[in-house]
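The chain contents come next:
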Amino acid sequence: MAVLEVRNLSVDYVADDGTPLHAVADVGFSVEQGRSLGIVGESGCGKTTVMMALLRLLPEEGRIVSGQVLFDGQDVLQYSESQMRQVRWRGISMVFQGAMNALNPVRTVESQIVEALQIHDVVEQRRAARERAGELLQLVGIPPQRGRQYPHQYSGGMRQRAVIAMALACNPRVLIADEPTTALDVMIQAQILELLERLQAELELSLIMVTHDLGMVAETCDDVLVMYGGMVAEKASSDVIFNTPQHPYTRRLLEAFPDVEEPDSDLASIPGNPPRLDDLPAGCRFEPRCECPERGAICAQTAPPLVELEPGHWAACHSVRRVG
Amino acid sequence: MNAVKQFVRNPMGVVGAGMLLVVILIALLAPWLAPYDPQVRVQVTPDDILAPPDAEHLLGRDDAGKDVLSQLIYGARVSLIVGFTASFMSMFIGTTVGLVAGFYGGRVGNWLMRLVDFLMVIPDLPLMLVIIAVTGRGLTNIILVIGLLGWTYTARLVRSQVLSVKERQFVLRARSLGASAPRIILRHIFPQVVPLVIAQAVLDISVAILAESSLAFLGLGDPTLISWGMMLNFAFERAISRQAWWFLLPPGLAIVWVSLSLILIGNTLDQIVNPRLRTHHLFDARRMVALAVGVPPLAKADGAGE
Amino acid sequence: MEMRSTPILQVDNLHKYFPIPRHVGDVLARRPRRSVRAVDGVSFTVQRGEILALVGESGSGKTTVGMNVLGLQQPTEGHILFDGYDVTEWSRGHGASLEAADRFLVPLSRRRRVMTLRERAQMIFQDPYESLNPRQTIFDIVAEPLDIHRLTPSRTERRERVRTALETCGLAPADHFWDRFPAELSGGQRQRVVIAGALVLEPELLVADEPVSMLDVSIRAEILNLLRALRRERGITILYTTHDLATAGFFTDRMAVMYLGRIVELGPTVEVLSQPRHPYTRALISVVPVPNPRRRRQRVILEGEIPNPIDIPPGCRFHPRCPEAIPACREMDPRLHPVAPGHDVACLRV
């Protein structure tokens, strides 16, 4: 059974004149124990919103309109806030985008981890908490004695490791990493990816990686969910997404990604901009930018349903067909 | 345009602006509004001295038998003139010093900032008292003294803002284009500090008005003009013992009224100017707020975010 | 495309040190004055119409090289020749050898002389959210270079040049964009405005400092294609600094890999990517994510991070992290030497 399953999740943001903006519509996916899922899309496509919604950490103006978030078969959207607190960090934990720059600059890294442990009642005693903090630092590849240092004495890569250590404080079963390597150099990116892969294997974590970087997903994830304009465009195993993608958006995205092994190949760009939330197209949300030769009048009129093309491979496009 | 809209939306700012507008109108229309000319000598009977309010003199009379309301109305002129001109002066000096010190830094900048520190540590009021006592109590002197001593905070504010703006990439871009220093200061740095300067200048007006009132209260106001501070001075010396509240209270309240209005406006401007709310192109610059109907709001996480 | 014999850019033994302010304690303890050696002996040549990638992680000195080339910083040592003119001093607003070099420049004032050259070299910055003045309209941003260089004969011609620049950069119709402010545009559009602002002067050299690293993947391709088209259609030379080998591989002719203030490998892009000779280059290439799970490779992940450029290791500056280091690497500082025509490597083992 899936550890985490999201069904038909829709989230609105409310503009100050009261108009609801449909930021996320009908998104669903599931993650098995010990598997990894990559959620890919451009900025503004709603990928972070989905994560915030399933942790129920949406900003004030966000509303979960419909859907279910099943953690171990239980819908956490029905939970009370105190029940939810048991799920957050213990069940599902998240490394927020830019969290490495949000560490408290005037406290040691260790004391910040200790604080996280105590807030979540993992360990009562301060000594035990400090021991555990040391273990966590070791786990993410930081020598425990460096826990006494302050964040500014850390490099970017080490700060990101420390943030990951904090997210692991309560032994979560699902770890969400939101753009964990943006703004880091390639070599440090590789180090962080390796760390996440190792942690996933060692701790049997289910990993959700939210990113706009297809290469990262190809390197680390078992399954991929491609989002566009707040909706699922395509989802399948990595192998399928990267080798036989069906949705025109996925195909364009792949063509736009430079491949160091094929430096001579052309890069296709995707002209235009992602749809604005207050001006969503009536039909398929990708239609205004779609250059697929098979697109027809229906694309501009009705939103395509998400259909299963072959087992485990779903796409939302009028011009894709089921296999067999 | 956007700033005006934000200002109008803020009740504090609107109230402040309304309060200030009333005072400005009163000052402008003083000759028509005031029932009597406060400068004219009047023949008085002993009964008229510090007479309590009645139908003819709505705020009573002072110790010389003159109408308090008329003095109050004319007093607004002095306060506003001193406030606006002095704060304009300090804004001009402070901005220039701040821009130069911040942009050039180095030796010039250091010397300027030492001067600022020097002026900042000297208590303003005693220094003003000394200068006015030496140079004489004319309105121009009062304005000059307040303006020339009041720019230090603005200079510090502008300098710190310039220090951060000049490191931004668009300034580097201008440098890479070969832009000259004056051009970079005027085109690229100055526009970024203007809003802060204006918010600060509005607050400075109230400081200047208070400074003028303090000087006048201590007997160093322009003797040829009636100002609120001077009224307080007279009232304090002559009216308190006779419990003539109508002479003491109105100028005090008027000073509070004007200062409060300016502080409300200044703080509102500050709120608009300071938080750099970045608008996202996907949201069409609309700020998002909570909707009261529909699904109940989900509580925010407590301390879980760090 | 005209090919002249003079390279558009020659950088010769460039050093850029930033002195570290000493504390009172340092002075009392008589500790020597130290400096950050951001660039420590870099030489390369760029031919007209060529695209050269300067590749390296943060701390490698690639951005500093770009800043020195454009006179935004004053080199500590070494020379920079732009189209044959020595512009090493142009951050100071003058250049000694400019005076003798060209009779055409002699009658001009010092500032004008520098400006005449500066007009021909422009920069594109990393962060499109930061490199545009938020209080200027798009028109003013793009027209400003014309004003600075006093290339504003008439209002209509000014408008036309701004229009052409914007539309060349894909912001068409220009009228639709030029009254707006930067906050109203998306990241990709802003980067186009930055490029238009550089193009309006019709420069010969563009220094593009990580122009796509802040942009979404889908938009990166547009900007890179635009830069490539500029080279193809106008013969513009581009110095492209990046930490991303994949985008560098996509559109550059030659590649210089930098580590800790030095070039460790320099050669034709395709050759460097397919046959990397320096261990650092090999490691860098191996960690670039490949967008296909079937081609997951053995990654050579280097431990730690680039050392602090204050304490540069003795010998080969890469040896503490090098997986292939031999004892000699601790003592010998390798020079850049040719291993194939046009392909230089600084490694003792090659």
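Cut-offs used in this document
- Residues numbered from 1 in each chain as written.
- Chains lettered and ligands numbered in written order.
- Predicted model: local features only at pLDDT ≥ 70, side-chain atom pairs only at ≥ 80, totals over all residues.
- Heavy atoms only, no water.
- Helix = DSSP H or I, 4+ residues; strand = E, 2+ residues; numbered from the N terminus.
- Rg over C-alpha atoms; globule rule 2.2 N^0.38 Å.
- Buried < 20%, exposed > 50% of the residue type's maximum accessible area, 1.4 Å probe, protein only.
- Contact = heavy atoms within 4.5 Å.
- Areas by Shrake-Rupley, 256 points an atom, 1.4 Å probe, with all protein chains shown as cover.
- Lys, Arg positive; Asp, Glu negative; His and termini not counted.
- Salt bridge = Lys/Arg side-chain N within 4 Å of Asp/Glu carboxyl O.
- Polar contact = N/O pair within 3.5 Å; in protein donor to acceptor, adjacent residues only side chain to side chain.
- Buried area = accessible area lost by both parts, 1.4 Å probe.
- Nonpolar A, V, L, I, M, F, W, Y, C, P; charged D, E, K, R; others polar.
- Pairing = 2+ DSSP bridges.
- Axes fitted to C-alpha atoms, helices over the stretch in contact; angles between N-to-C directions.
- 1 Å grid on protein atoms, 1.4 Å probe; cavity = no way out; pocket = protein on both sides within 12 Å on 5 of 7 lines; lining within 4 Å.
- Points joined across faces, edges and corners; volume = space filled by probe spheres on them.
- Core = buried A, V, L, I, M, F, W, Y, C linked by side-chain atoms within 4.5 Å.
- Phe/Tyr/Trp six-rings, centres within 6.5 Å; stacked < 30°, edge-to-face > 60°.
- Lys NZ or Arg CZ within 6 Å of the ring centre and 35° of its normal.

For the rest of this paragraph, the subject is the overall build of chain A. Scanning chain A from N- to C-terminus turns up 10 helices and 12 strands. Computed over its C-alpha atoms, the radius of gyration of chain A comes to 21 Å, within 12% of the 20 Å expected for a compact globule of 324 residues. Along the first, second and third principal axes, the C-alpha set of chain A runs to 65 × 50 × 40 Å. Expressed as a percentage of its 324 residues, the buried residues of chain A come to 59%. Counting only contacts in chain A whose residues sit at least 6 apart along the sequence, the fraction spanning at least 24 positions is 62%. If you sum the accessible surface of chain A, you get close to 12600 Å²; carbon and sulfur atoms cover 47% of it.

Glancing now at the environment of Phe236(B). All names here are of chain B. Inspection of the secondary structure puts Phe236 in helix H11 (residues 228–239). Remark: the alpha-carbon pair of Phe236 and Val193, spanning 43 residues in sequence, is separated by 42 Å. Filtering out sequence-adjacent residues up to four positions away, Phe236 remains in contact with Phe217 and Leu248.

All names here are of chain C. Position of Glu265 among the secondary structure elements: in strand E10 (residues 262–268). This buried residue, Glu265, is left without a salt bridge; Arg277 holds the nearest opposite charge, at 6.1 Å. Engagement of the side chain of Glu265 in a polar contact is seen with the backbone nitrogen of His278, the distance being 2.9 Å. Within the structure, the side chain of Glu265 is placed 2.7 Å from the side chain of Thr281, a separation counted as a polar contact.

Bringing unusual backbone geometry into the picture now. Glycine aside, a negative phi is what most residues show, and trans is what most peptide bonds show. All names here are of chain C. Omega for the bond connecting Ala172 with Pro173 falls within 30 degrees of zero, at -10°, which places this linkage in the cis form. In this model, Asp83 sits at a positive phi of 50°, which is unusual for a non-glycine residue. Here Asp83 is to be found in the loop between strand E4 (77–82) and strand E5 (85–86). Judged by its relative accessible area of 11%, Asp83 falls in the buried class.

Contacts between chain C and chain A engage 43 residues on the former and 48 residues on the latter. Interface area for chain C against chain A, summed over the two sides, is near 4000 Å², with a carbon-plus-sulfur share of 54%. Sorting the residues of chain C by area buried against chain A places Val217(C), Pro291(C) and Arg299(C) first, and these three jointly supply 16% of that buried surface. In this structure, the connection of chain C to chain A is made through 5 salt bridges. At the boundary of chain C and chain A, one finds 11 residue pairs in polar contact (both at pLDDT 80 or more). Sorting the residues of the side of chain C that touches chain A by element identifies helix H8 (217–234), helix H9 (245–251), helix H10 (269–274) and helix H11 (279–287) of chain C as the ones contributing at least two each. The greatest single-element share of the side of chain C that touches chain A, amounting to 8 residues, is contributed by H8(C). For the side of chain C that touches chain A, the class distribution of residues is 20 nonpolar, 10 polar and 13 charged.

Residues and elements named next belong to chain C. The mixed open sheet is built from 8 strands, whose spatial order is E6-E7-E8-E3-E9-E10-E12-E11. Each end of this open sheet is capped by a strand with a single partner; those strands are strand E6 (121–124) and strand E11 (337–340). The sheet shows a mean angle of 25° between the axes of neighbouring strands, taken without regard to direction. With 3 bridges connecting them, E11 and strand E12 (residues 343–345) associate as antiparallel partners. If you follow His337 over to E12, its bridge partner there is Val345. Strands E6 and strand E7 (205–209) of the sheet are contacted by helix H7 (residues 187–199), whose axis makes an angle of about 170° with E6. Packing against the sheet, H11 makes contact with strand E3 (51–55), strand E9 (254–259) and E10, and its axis sits at approximately 105° to E9.

Residues and elements named next belong to chain A. Size it by volume and the second largest pocket reaches roughly 690 Å³. What lines the second largest pocket is a set of 36 residues, and nearest its centre among them are Gly28, Leu225, Val232, Lys235 and Leu306. Counting only elements with at least two residues in the lining of the second largest pocket, the list comes to strand E1 (2–14), strand E2 (20–32), strand E3 (36–40), strand E9 (223–228) and strand E10 (231–237). Element by element, the count of residues in the lining of the second largest pocket is highest for E2, at 7 residues.

This part covers the nonpolar core. Grouped together as the largest cluster of nonpolar side chains are 105 residues, with contacts concentrated most on Phe29(A), Met51(A), Leu54(A), Ile176(A) and Ile208(A). It is helix H5 (residues 156–167) of chain A that contributes the most residues to this core, 7 residues altogether. The residues touching Ile176(A), leaving out its near neighbours within four places in the chain, are Met51(A), Leu54(A), Leu55(A), Ile92(A), Ser93(A), Met94(A), Val95(A), Ile208(A) and Val210(A). By size, the runner-up hydrophobic cluster in this structure holds 91 residues, among which are Val162(B), Phe170(B), Ala248(C) and Tyr259(C).

All right, on to the packing of aromatic side chains then. Residue and element names in this part refer to chain A. Inspection of the entire model under this criterion finds 11 aromatic pairs over all chains. Among the aromatic residues, those joined into a ring-pair cluster are Tyr228, Tyr249 and Phe286. The ring of Trp314 carries the charged tip of Lys235 above its face, separated from the ring centre by 5.7 Å.

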